[in-house]
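Analysis of the macromolecular model
In case you want the letters, here they are:
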Amino acid sequence: MRVNFTVNGRPQEADDVWEGESLLYVLRERLGLPGSKNACEQGECGSCTVRLDGVPVCSCLVAAGQVEGREVVTVEGLADYAKERSCGTSLQDAQHWSAQGQDSQTGEGTELAPIQQAFIDAGAVQCGFCTPGLLVAADEMLERHPDPSDADIREALSGNLCRCTGYEKIMDAVRLAAARQSEGV
Amino acid sequence: MDFLRPASWEEALAAKAEHPTAVPIAGGTDVMVEINFDHRRPEYLLDLTRIGELYEWEIGEETVRLGASVPYTRIMEDLRPELPGLALASHTVASPQIRNRGGVGGNLGTASPAGDAHPALLAAGAEVEAESVRGSRLIPIDDFYTGVKRNALAPDELIRAVHIKKADGPQQYSKVGTRNAMVIAVCAFGLALHPSSRTVRTGIGSAAPTPVRAKTAEEFLNAALDEGGFWDNGKIITPSVAKRFADLCAAACNPIDDVRGTASYRRHAVGVMARRTLMWTWESYRGTAARTEGVA
Ligand SMILES: Cc1cc2nc3c(=O)[nH]c(=O)nc-3n(C[C@H](O)[C@H](O)[C@H](O)COP(=O)(O)OP(=O)(O)OC[C@H]3O[C@@H](n4cnc5c(N)ncnc54)[C@H](O)[C@@H]3O)c2cc1C
Ligand code: FES
Ligand code: FES
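Residues numbered from 1 in each chain as written. Chains lettered and ligands numbered in written order. Predicted model: local features only at pLDDT ≥ 70, side-chain atom pairs only at ≥ 80, totals over all residues. Heavy atoms only, no water.

With that out of the way, let us pick up the overall build of chain A. When helices and strands are counted, chain A shows eight helices and five strands. Reading chain A from its N end, one meets helices and strands in the order β-β-α-β-β-β-α-α-α-α-α-α-α. Buried positions account for 54% of the 185 residues belonging to chain A. Contacts in chain A between residues far apart in sequence, at least 24 positions, make up 59% of those at least 6 positions apart. (Helix = DSSP H or I, 4+ residues; strand = E, 2+ residues; numbered from the N terminus. Buried < 20%, exposed > 50% of the residue type's maximum accessible area, 1.4 Å probe, protein only. Contact = heavy atoms within 4.5 Å.)

Below you can see the structure in the form of structure tokens.
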């Protein structure tokens, strides 16, 4: 079957999609967006987290056919998405923005989203496999809770597993991003 | 495989009538795991995510009519006053990502003994609104679970909504697992005080082939509370009464040994949760207007 939907602000068409295929598979194998990771395919690890109509979900558990006509944001589009949001665009509009230039497809060469920069600065990335999912989940949490408590952060990231960092640096990174966001840096 | 995408409830019912083996898919948090792991290759997937009504709820005089696909996140955030037990249970499900997609309709569809909605629904009192092209019926929650991962739906039926009694007193939900997030219950316990009918209802998860109520325990407690005038005098429940209630709840279990826990541990833990949830809810009942109004 054919699936039409929007990814990172651009209309996409995936062809020859098998009816039982997941959104994660379509993103990685058909649209060349390997940012979302596949670690468990059963919703346990969160490394495949994307936003579907603004809501964080495990893309491995969304059937491809369910995204027909919907809007998906992956880690590749996070920088543009965050930029759009910080330019004072309403949330509604931010969810319907349209990406600029080629780079937003692969994510290469674009500026980083504040949450991405904070992960680097705080040393929250080791092997990096969990990172894309954590970035999408953390960015969405900061949208809802600009001044999160540690409990808010832990709750928001409780669906994302990391086997390397021990989570402390990830906590640091999210606190750093929140602090920078509130200072308008 | 065919992917059916009905745009309306009527279309969905017609599709289910035409293809009774079609597997409905809502949040997909059970269905997609089975497909990803090749445990299931349905001939038809019936996508329910385009049907707006399934994501809505109505708060009535006595019940909340909860659309089958309302995600757990909405129940936690928007329905806590009316459905405190179900809101607590919802918060123990998996993770934010799963709670954003999964809902009570899917939990009922799967009818796993470990499903977290079930003990809360049993304790609160609920009816499942099932519909087919033949018509609509309300299935009492006590009759809904018919076996391990089996339910009372006919092949052509879909769940439209669940009608859940609005809380008329404190409710609690307790779950044993190895950590807070992403845990399938080793066992779970829901309890609701119903001061307006002066009854207590329970629900036990993961400790029998289906979710069950501890009916003998409820009958014992209802009689003991009545005899001692507890609903009026608001006294602390006598430890011997609480103990007997806990023992009868443990006795209502018919658990198995599995990787998550042994049968005897489950029975023990259900007793502990029964006593604790009774104490917690009774403490808050003693402090509420419901009782003082009753006395005055
Ligand atoms: C990582 C992970 C952790 C989990 N943890 C928990 C947990 O802690 N507690 C818990 O209870 N569950 C848990 N689950 C299971 C699952 O999330 C729940 O059972 C959820 O409620 C399913 O809802 P859904 O909308 O995603 O269902 P789906 O997967 O879409 O459907 C589930 C079943 O219900 C049927 N169905 C769905 N909607 C209808 C309808 N309207 N009418 C008739 N049949 C219907 C489907 O055909 C299918 O058989 C977990 C799942 C995952 C992947
Ligand atoms: S790959 Fe989707 S949650 Fe692990
Ligand atoms: S950095 Fe390796 S899994 Fe998190």
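The next subject is the environment of Pro195(B). Residues and elements named next belong to chain B. Inspection of the secondary structure assignment puts proline 195 in the loop between β12 (187–194) and β13 (199–205). A residue is classified by how much of its surface remains accessible, and proline 195, at 13% relative accessible area, is buried. Separated by 27 residues in sequence, proline 195 and aspartate 168 have C-alpha atoms that sit 6.5 Å apart. Apart from residues no more than four positions distant in its own chain, proline 195 is found in contact with Asp168, Gly169, Trp231 and Tyr285.

Before going further, it helps to spend a moment on the sheet that holds strand β11 (residues 171–176) of chain B. Residue and element names in this part refer to chain B. Here we have three strands laid out as an open sheet, ordered β11-β12-β13, and antiparallel in their pairing. Pairing within the sheet leaves two strands with one partner each, and these edge strands are β11 and β13. Between one strand and the next, the sheet's axes are offset by a mean angle of 10 degrees, whatever the strand orientation. Looking at chain direction, β12 and β13 are connected through seven bridges and run antiparallel. Bridging across to β13, leucine 193 finds its partner in valine 200. The strands that helix α12 (residues 263–286) touches are β11, β12 and β13; relative to β12, the one it contacts most, it runs at about 30 degrees. (Pairing = 2+ DSSP bridges. Axes fitted to C-alpha atoms, helices over the stretch in contact; angles between N-to-C directions.)

Residue and element names in this part refer to chain B. Extensive coverage of strand β5 (residues 63–67) is indicated by the burial of four of its five residues. Direction of pairing for strand β4 (residues 57–59) relative to β5: antiparallel, over a ladder of three bridges. Bridging across to β5, tryptophan 57 finds its partner in leucine 66. Hairpin connection from β4 to β5: three residues lie between these consecutive antiparallel strands.

A separate point is the side chain of Ser36(A). Locating Ser36(A) in the fold gives a position in the loop between α1 (23–30) and β3 (49–52). The contacts of Ser36(A), once residues within four sequence positions are left out, are Leu24(A), Leu27(A), Arg28(A), Ser47(A), Cys48(A), Val50(A), Thr74(A), Val75(A) and Glu76(A).

This part is about the domain arrangement of chain A. All names here are of chain A. Under the domain assignment used here, chain A contains domain 1 (3–76) and domain 2 (77–98 + 109–183). The gap between the C-alpha centroids of domain 1 and domain 2 is 19 Å. Opposite the 21 residues of domain 1 that make contact, domain 2 presents 22 residues. A combined buried area of about 1,700 Å² lies between domain 1 and domain 2, and 59% of that area is made up of carbon and sulfur atoms. Area buried by domain 1 at its contact with domain 2 is led by Arg51, Val73 and Val75, which between them contribute 33% of it. (Domains from an automatic or database assignment. Buried area = accessible area lost by both parts, 1.4 Å probe.)

Time to look at the sheet that holds strand β1 (residues 2–4) of chain B. What holds strands together in a sheet is hydrogen bonding between their backbones, with the strands either parallel or antiparallel. Residues and elements named next belong to chain B. Taking strand neighbours across the sheet as the criterion, the three strands line up as β1-β3-β2 in an open arrangement whose pairing is parallel. Of all the strands in the sheet, the pair left with one neighbour each is β1 and β2 (23–25). Averaged over neighbouring strand pairs, the angle between their axes works out to 30 degrees when direction is ignored. In this sheet, strand β3 (residues 44–47) lies alongside β1 in parallel orientation, the contact comprising three bridges. Bridge assignment links leucine 4 to a residue of β3, and that residue is leucine 46.

Lining the immediate surroundings of ligand 1 are 36 residues, of which Pro24(B), Thr29(B), Asp30(B), Tyr72(B) and Asp116(B) lie closest. Ligand 1 sits at the junction of chains A and B, each of which supplies nearby residues. Between Gly28(B) and ligand 1, the recorded distance is 2.8 Å, taken from a backbone N or O atom to an oxygen atom. At 2.6 Å from a nitrogen atom of ligand 1 is found a side-chain nitrogen or oxygen belonging to Asp116(B). (Near = heavy atom within 4 Å. Polar contact = N/O pair within 3.5 Å; in protein donor to acceptor, adjacent residues only side chain to side chain.)

Glancing now at the interface of chain B and chain A. Contacts between the two partners involve 30 residues from chain B, matched on the other side by 35 residues from chain A. Overall, the association of chain B and chain A removes approximately 2,400 Å² of surface from exposure, summing both partners, and the carbon and sulfur fraction of that is 53%. Here chain B and chain A share two salt bridges between them. Between Glu155(A) and Arg99(B) there is a salt bridge, with the nearest N and O atoms lying 2.8 Å from each other. There are 15 residue pairs in polar contact (both at pLDDT 80 or more) connecting chain B and chain A. Only β1, α2 (31–36), β3 and α5 (96–101) of chain B provide two or more residues apiece to the side of chain B that touches chain A. Of the residues belonging to the side of chain B that touches chain A, the class tally is 13 nonpolar, nine polar and eight charged. (Salt bridge = Lys/Arg side-chain N within 4 Å of Asp/Glu carboxyl O. Nonpolar A, V, L, I, M, F, W, Y, C, P; charged D, E, K, R; others polar.)

This paragraph deals with the pattern of salt bridges. All names here are of chain A. Per the stated rule, a full pass over the model turns up 32 salt bridges over all chains. A salt bridge links arginine 30 to glutamate 21, with the shortest nitrogen-to-oxygen separation between them at 2.6 Å. Taking the shortest distance from any N to any O, the salt bridge between arginine 51 and glutamate 143 comes out at 2.8 Å. Of this pair, arginine 51 sits in strand β3 while glutamate 143 is found in helix α6 (residues 131–144), placing the two residues 92 residues apart along the sequence. Just as arginine 51 is buried, glutamate 143 falls in that class too. Here the salt bridges do not stand alone but share partners, grouping Arg51, Arg85, Asp139 and Glu143 into one network.

What follows concerns the packing of aromatic side chains. All names here are of chain B. Here the structure, examined in full by the defined rule, presents four aromatic pairs over all chains. A centroid spacing of 5.6 Å and a plane angle of 90 degrees characterise the contact between phenylalanine 144 and tyrosine 145, whose relative ring orientation is edge-to-face. Looking at phenylalanine 144, the relative accessible area reads 0%, which means it is buried. (Phe/Tyr/Trp six-rings, centres within 6.5 Å; stacked < 30°, edge-to-face > 60°.)

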